[in-house]
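One-letter residues, chain by chain:
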Amino acid sequence: MSQREPADDTPWIKKADELEALLTDGLYRAESETDAFDATFDAIERALGCSRASILLFDRHGVMRFVASRGLSEDYRRAVDGHSPWKPGDRDPIPIFVSDIELSDEPQALKNAIRGEGIRSLAFIPVTVDGIVVGKFMTYRDVAHVYSADEATLCLTIARQLGFSIERKQSEEAHQRAEEGLRRTNERLRVILDSASEYAIITLDADGRIASWNSGAERLLGYLDSEVLGLSGSIFFSPEDRALEIPQQEMRTAAERDVPRTSVGTIARMGHGFGAQVSCFVSRRAGLIATSRSSGIEQRKEGRRRGRSSWWESSIIG
């Protein structure tokens, strides 16, 4: 008879699975950092029976700081703040379990602070992101306690889920910073473009549609941005060029080469007799059409007064 394999459904494995599912759900539902820390403390108390715990993270100066605690005095937090067995950048740190602080080789000042808080046993559990330590959570007991292998596994389960939560928060914050940076960049660009009132500057998106239309374009070409935003950039080409699919060819060339394409013509081709020079730039990411004022502004205004009867007008409203 073959030897029977050990069962996988031992009580502590079931407890670890239940703990992981409970904590994952709690962290996912957390609407704030406080909610996430509370969910972690609840998991610690449920799994390990510790009513006192703390979470510390490295700050931007590389100092380990308390970010949340349960059952600890302010004096104690102040006394041990900054203490860490690991340095920023340490990879794959190992948990440290102190069964009896009186038997440890910690500095006497630290022992005194721990003893004064009524703590006899404590655990340092590293919290990592991509294997790099970013902080720790700690558990405290008022009596000596030797952590079992099962308890150590539960500690690592909690630390892993807390690390995932911190990583997600960091990712969200980075995304928000990127969005805010993009918003500010776009705002600065808008101010710059609108200040160039002597030039009509129009940007196209990656699909070749008009994405922006500055005040110079409104003044020189006579159309509000609300009239043209979202329209195809092909309106800047004559009917003959559009029939030959020149706009599509320009965009394909830009996409293949990822380099600007430049052409020079006059806005008179739009039907107004406006003799300005036009430079068109198209790249894979976006297109930029800059129309520099040259001459014929009065002719353009006269064209507008005659009812805007041009292929440009028909392109806009068609």
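Reading the values: the criteria
- Residues numbered from 1 in each chain as written.
- Predicted model: local features only at pLDDT ≥ 70, side-chain atom pairs only at ≥ 80, totals over all residues.
- Heavy atoms only, no water.
- Pairing = 2+ DSSP bridges.
- Helix = DSSP H or I, 4+ residues; strand = E, 2+ residues; numbered from the N terminus.
- Axes fitted to C-alpha atoms, helices over the stretch in contact; angles between N-to-C directions.
- Contact = heavy atoms within 4.5 Å.
- Buried < 20%, exposed > 50% of the residue type's maximum accessible area, 1.4 Å probe, protein only.
- Expected span 1.5 Å × (residues − 1).
- Salt bridge = Lys/Arg side-chain N within 4 Å of Asp/Glu carboxyl O.
- Core = buried A, V, L, I, M, F, W, Y, C linked by side-chain atoms within 4.5 Å.
- Lys, Arg positive; Asp, Glu negative; His and termini not counted.
- Arc of directions from axis to C-beta.
- Disulfide = S-S within 2.5 Å.
- pLDDT = per-residue confidence, 0-100.

Draft legend 1. Molecular detail of the sheet that holds strand E5 (residues 132-141). Here we have 5 strands laid out as an open sheet, ordered E2-E1-E5-E4-E3, and antiparallel in their pairing. The outermost strands of the open sheet, each flanked by one partner alone, are strand E2 (64-70) and strand E3 (96-98). Neighbour-to-neighbour, the strand axes of the sheet open up by a mean angle of 20°, direction not taken into account. With 6 bridges joining them, strand E1 (residues 52-58) and E2 adopt antiparallel strand pairing. In the sheet register, Leu-57 faces E2, and the bridge partner there is Arg-65. In the packing of helix H5 (residues 149-195) onto the sheet, contacts are made with E1, E3, strand E4 (121-129) and E5, and the angle to E4 comes to roughly 40°.

Draft legend 2. A look at the environment of Ile-125. One can find Ile-125 in strand E4. Under the relative-accessibility criterion, Ile-125 is labelled buried at 0%. Taking C-alpha positions, Ile-125 is 8.4 Å from Thr-139, a pair spaced 14 residues apart along the chain.

Draft legend 3. Representation of the pairing of E4 within the structure. Buried residues dominate E4, accounting for 8 of its 9 residues. In this structure, E3 lies alongside E4, joined through 3 bridges in antiparallel fashion. Each residue of the ladder has a partner; that of Ile-96, found in E4, is Phe-124. Alignment of E4 against E5, held across 9 bridges, turns out to be antiparallel. Counted as the bridge partner of Val-127 is Gly-135 from E5. Between E4 and E5, which follow one another and run antiparallel, lie 2 residues, and Asp-130 among them has a positive phi close to 55°.

Draft legend 4. Seen up close, helix H2 (residues 33-48). Taking 1.5 Å as the rise per residue, H2 with 16 residues should run 22 Å; its terminal C-alpha atoms sit 22 Å apart, in good agreement. Among the residues of H2, Ala-36, Phe-37, Ala-39, Thr-40, Phe-41, Ala-43, Ile-44, Ala-47 and Leu-48 are the ones counted as buried. One or two positions beyond H2, positive phi appears at Gly-49, with a value near 75°.

Draft legend 5. Quick look at the pattern of salt bridges. The final tally for this structure, using the stated rule, is 15 salt bridges. Close ionic contact of Glu-45 with Arg-70 constitutes a salt bridge, the shortest N to O distance being 3.8 Å. One end of the pair, Glu-45, is in helix H2; the other, Arg-70, is in strand E2, with 25 residues separating them in the sequence. Relative accessible area serves as the criterion here: at 35%, Glu-45 is assigned to the partly exposed category. Within this structure, Asp-38, Asp-42, Glu-45 and Arg-70 form a network of salt bridges that share partners.

Draft legend 6. Focus on the nonpolar core. In this structure, Phe-41, Ile-44, Leu-48, Val-127 and Phe-137 are the most contacted members of the largest nonpolar core, which totals 23 residues. Only H2, E1, E4, E5 and H5 provide two or more residues apiece to this core. Top element by residues in this core is H5. It accounts for 6 residues.

Draft legend 7. Structural view of the side chain of Arg-52. Considering the arrangement of structural elements, one finds Arg-52 in strand E1. For the buried residue Arg-52, which engages in no salt bridge, the nearest side chain bearing the opposite charge is Glu-117, 4.2 Å off. Those residues within four positions of Arg-52 in sequence are excluded, and the remaining contacts are Arg-70, Gly-71, Leu-72, Glu-117, Gly-118, Ile-119, Met-138, Thr-139, Tyr-140 and Asp-142.

Draft legend 8. Representation of helix H4 (residues 108-116) within the structure. Burial in H4 covers these residues: Leu-110, Lys-111, Ala-113 and Ile-114. Seen from one end, H4 has its buried residues packed into an arc of 160°, which puts them on one side. Turned more than 90 degrees away from the buried face of H4, the exposed residues are Ala-109 and Gly-116. At the C-terminal side of H4, Gly-118 shows a positive phi close to 80°.

Draft legend 9. A look at the state of the cysteines. This structure, assessed with the given rule, holds 0 disulfides. With no disulfide of its own, Cys-50 lies 7.6 Å from the sulfur of Cys-155, the closest cysteine sulfur. Accessibility expressed as a relative area gives 0% for Cys-155, which makes it buried.

Draft legend 10. Looking closely at the confidence of the model for the chain. Confidence in the prediction of the chain, expressed as mean pLDDT, is 77, and 71% of residues score 70 or more. The secondary-structure element of the chain with the lowest mean pLDDT is strand E8 (residues 264-266), recorded at 39, while E1 shows the highest, at 96. Ignoring residues within four places in sequence, the model shows residues 1-9, a span with pLDDT below 50, making 2 contacts including any to other chains. Below a pLDDT of 50 lies the segment residues 294-318, which in the model reaches 56 contacts outside its immediate sequence neighbourhood of four places, other chains included.

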